[in-house]
Each structure stands twice: as C-alpha cells, then as structure tokens.
Amino acid sequence: MLLFSQMDYCSVCMFIAINEPWHFIFPLLKFLLIFLLLIFLYNFFVKPRIFRKSRNNHDLKFSESKVSSKVRIELLKNETINPSVISVMIRNTGNRDVNLEAPVLVFKRWVSKRKFRILSVDYSETYPMFLENGKASAINIELEQFYHFAPELRKAHRISVEMKEVDGRKFQSRTIRLKCW
C-alpha cells in the first residue's frame, strides 16, 4: 500500500507540472526577446543607413551624370503569339550623349534564363553604338536563328533586352510574352 501511494504522488506531481500554463512562457519569452532584438538592430543600424545625410548635413543626392543619361528600350513583336521577328527600339531620352555596348537578349522560362549577346546586325559590327541625345535606333532580330542554335529556346515564355553603357550603367527593356503559358 505504501508503494502504491508513492506512485500516485509521483504521477500527480508530473500531471501538475505538465499541465501548468507557465511552462509555455519560456519559449514565448525567447521568441519575444529575439523579435525585440531584431527591431532594435533594424532601428539603430539599418534604418539610419537608408536615411543617412552627408557630412555637411544635406541630403545625399545622385550625381548629375548618373541622372542625366536615360536610355529607353522598347520591344515590339510582329505577332501576338509565337513571333518570328522582334524589333528593338533604342531611344536616348536623356540630356547627354550615350555610348552603348552590344544588346543582350534574355530568354526566360520560369526560373531559367539564357542570354545571347548580339555582336553584329546585317553583317556589320555597329557596337559600341553612339547615340546622341534625342536620337533613336532600331534593330530587327529574327528569333529563328536562336531557335536553330538552341532548340530549348522554343519553350521560352518571355524575352527582354539588356544594354550597358560603356561607363557601366545598365538599361533594361520591359519583358514581353512569346507564348500564352
């Protein structure tokens, strides 16, 4: 009988210890402490870098040379679904002349990308291309030559064009759809 009562006492203690509501408090306190620490780090280290001012207490601004060059690249297709020719319109809408490197065609399918640099157009090497302000240039690109080189490109859903200035600034066109899905 004595052995049985000790066993009951032990099981009752275990029952009380497990069913007490404050044993859930320690993981909750850990989570709350980590959350507050992350908020503290963001407010004192990351946020001041975003809204930083220069040494003479003026707001930081982009240099005029970075803002003044603007190239607009437009893609036009001859058919709505499965186009065979894509026209690339390059316009310098900035207030200074731009020296552009060769365009890069980017074929996209879900997560994968394939990039092709266009070195010549109609058997003439025109890159790097110099565009004066207010001027435009047009390039017609047949997609069949890319499909012949890499047949898996026929499965690509989207296409875009990237161009870099000789200084290193990058310009990108909007992505257009080649197929419905």
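The model shown is predicted, which means the values in this text are computed figures rather than measured ones.

A. Representation of the confidence of the model for the protein within the structure. Confidence along the protein averages 77 in pLDDT terms, with 73% of residues attaining 70 or more. In the model, residues 1-17 has pLDDT below 50 throughout and makes 0 contacts with residues more than four positions away in sequence or in other chains. Here residues 59-67 is a poorly scored stretch, pLDDT under 50, and it has 7 contacts once near neighbours within four places are set aside; other chains count.

B. Representation of a nonpolar patch on the surface within the structure. Among the surface-exposed residues, Ile25, Phe26, Leu28, Leu29, Phe31, Leu32, Phe35, Leu36 and Ile39 lie close enough to one another that they form a single nonpolar patch of about 900 Å² accessible area. Summarising the element assignment, Phe26 is placed in helix H2 (residues 25-50).

C. Here's a closer look at the side chain of Glu165. Within the secondary structure, Glu165 sits in the loop between strand S8 (158-164) and strand S9 (170-172). Among the polar contacts made by the side chain of Glu165, one reaches the side chain of Arg96 at a distance of 3.1 Å.

D. Structural context of the layout of surface pockets. If you add up the space inside the largest pocket, you get close to 370 Å³. If you go around the largest pocket, you meet 14 residues; those closest to its centre are Ile118, Ser120, Val121, Asp122 and Gln145. Put simply, the parts of the chain that give the lining of the largest pocket at least two residues each are strand S5 (112-117), strand S7 (136-142) and helix H4 (144-149). No other element matches the 4 residues that S7 contributes to the lining of the largest pocket. Tallied by class, residues from the lining of the largest pocket come to 8 nonpolar, 3 polar and 3 charged.

E. Examining the sheet that holds strand S1 (residues 71-77) more closely. Strand order across the open sheet formed by 3 strands is S1-S2-S7, with antiparallel pairing between neighbours. Each edge of the sheet is formed by a strand with only one pairing partner; in this case those strands are S1 and S7. Neighbour-to-neighbour, the strand axes of this sheet turn through a mean angle of 20°, independent of strand direction.

Calculation rules
- Residues numbered from 1 in each chain as written.
- Predicted model: local features only at pLDDT ≥ 70, side-chain atom pairs only at ≥ 80, totals over all residues.
- Heavy atoms only, no water.
- pLDDT = per-residue confidence, 0-100.
- Contact = heavy atoms within 4.5 Å.
- Patch = residues over 30% accessible without salt bridge, like charges linked within 9 Å, V, L, I, M, F, W, Y side chains within 5 Å.
- Areas by Shrake-Rupley, 256 points an atom, 1.4 Å probe, with all protein chains shown as cover.
- Salt bridge = Lys/Arg side-chain N within 4 Å of Asp/Glu carboxyl O.
- Helix = DSSP H or I, 4+ residues; strand = E, 2+ residues; numbered from the N terminus.
- Polar contact = N/O pair within 3.5 Å; in protein donor to acceptor, adjacent residues only side chain to side chain.
- 1 Å grid on protein atoms, 1.4 Å probe; cavity = no way out; pocket = protein on both sides within 12 Å on 5 of 7 lines; lining within 4 Å.
- Points joined across faces, edges and corners; volume = space filled by probe spheres on them.
- Nonpolar A, V, L, I, M, F, W, Y, C, P; charged D, E, K, R; others polar.
- Pairing = 2+ DSSP bridges.
- Axes fitted to C-alpha atoms, helices over the stretch in contact; angles between N-to-C directions.

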